[in-house]
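Here is how the chains run, residue by residue.
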Amino acid sequence: MDQPMSIKDTVQSLLGGSNDLEDEVEAAPEESPSHVCQSCGEEYFSDPEMEIDTCRSCGGIKVERV
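What you see is a predicted model; the values in this text were computed from it and never measured.

The rules we used
Residues numbered from 1 in each chain as written. Predicted model: local features only at pLDDT ≥ 70, side-chain atom pairs only at ≥ 80, totals over all residues. Heavy atoms only, no water. pLDDT = per-residue confidence, 0-100. Helix = DSSP H or I, 4+ residues; strand = E, 2+ residues; numbered from the N terminus. Core = buried A, V, L, I, M, F, W, Y, C linked by side-chain atoms within 4.5 Å. Buried < 20%, exposed > 50% of the residue type's maximum accessible area, 1.4 Å probe, protein only. Contact = heavy atoms within 4.5 Å. Polar contact = N/O pair within 3.5 Å; in protein donor to acceptor, adjacent residues only side chain to side chain. Patch = residues over 30% accessible without salt bridge, like charges linked within 9 Å, V, L, I, M, F, W, Y side chains within 5 Å. Areas by Shrake-Rupley, 256 points an atom, 1.4 Å probe, with all protein chains shown as cover. Salt bridge = Lys/Arg side-chain N within 4 Å of Asp/Glu carboxyl O.

A word on the confidence of the model for the protein chain. Per-chain confidence: the protein chain averages 81 in pLDDT, with 74% of residues scoring 70 or above. Per-element confidence in the protein chain ranges from a low mean pLDDT of 51 for helix 2 (residues 21–27) to a high of 97 for strand 1 (residues 35–37).

Moving on, we get to the nonpolar core. Ranked by size, the top nonpolar core spans five residues in total: Cys37, Tyr44, Ile52, Cys55 and Val63. Contacts of Val63, omitting those with residues within four sequence positions, involve His35, Val36, Cys37, Tyr44, Ile52, Thr54 and Cys55.

So, about the side chain of His35. One can find His35 in strand 1. Here the side chain of His35 touches Ser34 through a polar contact of 2.9 Å, side chain to side chain. Once residues within four sequence positions are removed from consideration, His35 is found in contact with Glu42, Glu43, Tyr44, Ser46, Asp47, Pro48, Met50, Ile52, Val63, Glu64, Arg65 and Val66.

All right, on to the side chain of Ser34 then. Along the polypeptide, Ser34 turns up in the loop between helix 2 and strand 1. Given the relative accessible area of 7%, Ser34 is considered buried. Apart from residues lying up to four places away in sequence, Ser34 is in contact with Tyr44, Phe45, Ser46, Pro48, Glu64, Arg65 and Val66.

This paragraph deals with a nonpolar patch on the surface. A contiguous nonpolar patch, built from Ile7, Val11, Leu14 and Leu15 and spanning about 490 Å² of accessible area, is present on the exposed surface. Looking at the element boundaries, Leu15 is found in helix 1 (residues 7–15). We classify Leu15 as exposed; its relative accessible area is 71%.

If you want it as structure tokens, here you go:
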């Protein structure tokens with residue numbers, strides 16, 4: 001008798017996901033960040049013309065364009 005698929009397996013089969021996220025990260029093209037927080041090093045990948053007032057990671061105000 002077949003066991004029902006888990007929710008995780010069902011979603012992965014529908015979306016084509018894999019169990020190994022490292023493969024997906026390695027396959028992503030290398031992009032350089034548009035902004036970097038000078039306090040903690042958090043990188044942002046967004047429109048370079050956009051102003052980022054506070055860091056989402058540390059709350060710092062030293063987020064600068066690269």
